[in-house]
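What follows is the residue order along each chain.
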Amino acid sequence: VGDATICLEEVILSGTGGSQLPIDNGGCKEYNFNEPEVIITSPLDGDIVSATSLLVSVEGANLSDGDHYHAYLDGELQGMFYYEDEFELLPETSGSHEISVVVANAAHEEYTNELATDSSDIEFVFPGDFNLDSDVNILDLVGAIQHIIYQTPASDLQLAGADYNYDGDVNILDLVATIQFIIYG
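Residues numbered from 1 in each chain as written. Predicted model: local features only at pLDDT ≥ 70, side-chain atom pairs only at ≥ 80, totals over all residues. Heavy atoms only, no water.

Caption draft 1: Looking closely at the pairing of strand E7 (residues 54-61). Where strand E5 (residues 37-42) meets E7, five bridges bridge the pair, whose relative direction is antiparallel. Its bridge partner being in E7, Val38 is matched across the sheet by Gly60. Where E7 meets strand E10 (residues 86-89), four bridges bridge the pair, whose relative direction is antiparallel. Paired with Val56 across the bridge in E10 is Phe87. (Pairing = 2+ DSSP bridges. Helix = DSSP H or I, 4+ residues; strand = E, 2+ residues; numbered from the N terminus.)

Given below as structure tokens:
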């Protein structure tokens, strides 16, 4: 752990049948293994997510033993995730949210280098939540019916919430699924 110099000199790589593969033996390169990195690969900035929970995928680099991720939703710690590249967050409301992931060491101290933190601003909605009040009820049905019958304006987030069966179209099938959820849970 720490700074290291890695040198490749006179390395020969062979391919199938023993053929020599090209490699750059251009000397030494400096690496700092105390600068971990994290990138949120999903959801990305600007994504609209309609779900009951939020699945976050990340890629990490230069992690040491004991390093793990601290995941935040709107600035509040949601959990610590060890050796996981996917984890679930549970938003309480529909609307705009910021996801942040920070690499921390075994003592839970967060690294401060720039690449040890990544964030993503997304829109989240619960399935069936047309009016975006975070509660699926008869008011969502009324709004979705008005949109279907009278083409009342709706935001992309409202349409994502109303599209209960995720087929890309808001129609009677979504209304039936929403009614079933309201009645049976």
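Caption draft 2: Representation of a negative patch on the surface in the model. Side chains of Asp45, Asp74, Glu76, Glu92, Glu98 and Asp121 sit close together on the surface and give a patch of like negative charge. The residue Glu76 is located in strand E9 (residues 76-81) in this model. (Patch = residues over 30% accessible without salt bridge, like charges linked within 9 Å, V, L, I, M, F, W, Y side chains within 5 Å. Areas by Shrake-Rupley, 256 points an atom, 1.4 Å probe, with all protein chains shown as cover. Salt bridge = Lys/Arg side-chain N within 4 Å of Asp/Glu carboxyl O. Lys, Arg positive; Asp, Glu negative; His and termini not counted. Charge placed at Lys NZ, Arg CZ, Asp CG, Glu CD.)

Caption draft 3: Molecular detail of the nonpolar core. Counting 21 residues, the largest nonpolar core has Leu54, Val56, Val58, Phe87, Leu89, Ile99 and Val101 as its most contacted members. Breaking this core down by element, the ones donating at least two residues are E5, E7, strand E8 (68-73), E10, strand E11 (95-104) and strand E12 (117-125). Among all residues touching Ile99, those that are not within four sequence positions of it are Ile40, Pro43, Leu54, Val56, Tyr72, Leu73, Leu89, Asp118, Ser119, Ser120 and Ile122. (Core = buried A, V, L, I, M, F, W, Y, C linked by side-chain atoms within 4.5 Å. Buried < 20%, exposed > 50% of the residue type's maximum accessible area, 1.4 Å probe, protein only. Contact = heavy atoms within 4.5 Å.)

Caption draft 4: Expanded view of the packing of aromatic side chains. Evaluated as defined, the whole model comprises four aromatic pairs. Seen in terms of ring centroids, Phe81 and Phe87 are 4.2 Å apart; in terms of plane orientation they differ by 10 degrees. Their pairing is stacked. For Phe81, a relative accessible area of 11% translates into the label buried. Taking the centre distance of 6.2 Å and the plane angle of 45 degrees together, the rings of Tyr164 and Phe181 count as tilted. A residue pair is termed long-range when its members are at least 10 positions apart, and Tyr164 in the loop between helix H2 (156-162) and helix H3 (172-184) and Phe181 in helix H3 qualify at 17 residues. Each residue in the set Tyr69, Phe81 and Phe87 is aromatic and connected to the rest through ring pairs, giving one cluster. (Phe/Tyr/Trp six-rings, centres within 6.5 Å; stacked < 30°, edge-to-face > 60°.)

Caption draft 5: Looking closely at the pairing of E9. Summarising the sheet, E8 and E9 pair through five bridges and their orientation is antiparallel. Across the sheet, residue Tyr72 finds its bridge partner in E9, namely Leu77.

Caption draft 6: How the structure looks around unusual backbone geometry. Cis peptide bonds are those with omega within 30 degrees of zero, and the linkage from Ser42 to Pro43 qualifies with -5 degrees. Despite not being glycine, Tyr83 shows a phi value in the positive range, around 55 degrees. Tracing the backbone through its elements, the reader meets Tyr83 in the loop between E9 and E10. On the basis of relative accessible area, Tyr83 is assigned to the exposed category, the value being 63%.

Caption draft 7: Representation of H3 in the model. With 13 residues, H3 extends 18 Å between its outermost C-alpha atoms, agreeing within 8% with the 18 Å of an ideal straight helix rising 1.5 Å per residue. Those residues of H3 lying buried are Asp174, Leu175, Ala177 and Thr178. Angular distribution of buried residues about the axis of H3 spans 165 degrees; they occupy a single face of the element. Among the exposed residues of H3, those oriented more than 90 degrees off its buried face are Ile172, Leu173, Ile183 and Tyr184. (Expected span 1.5 Å × (residues − 1). Arc of directions from axis to C-beta.)

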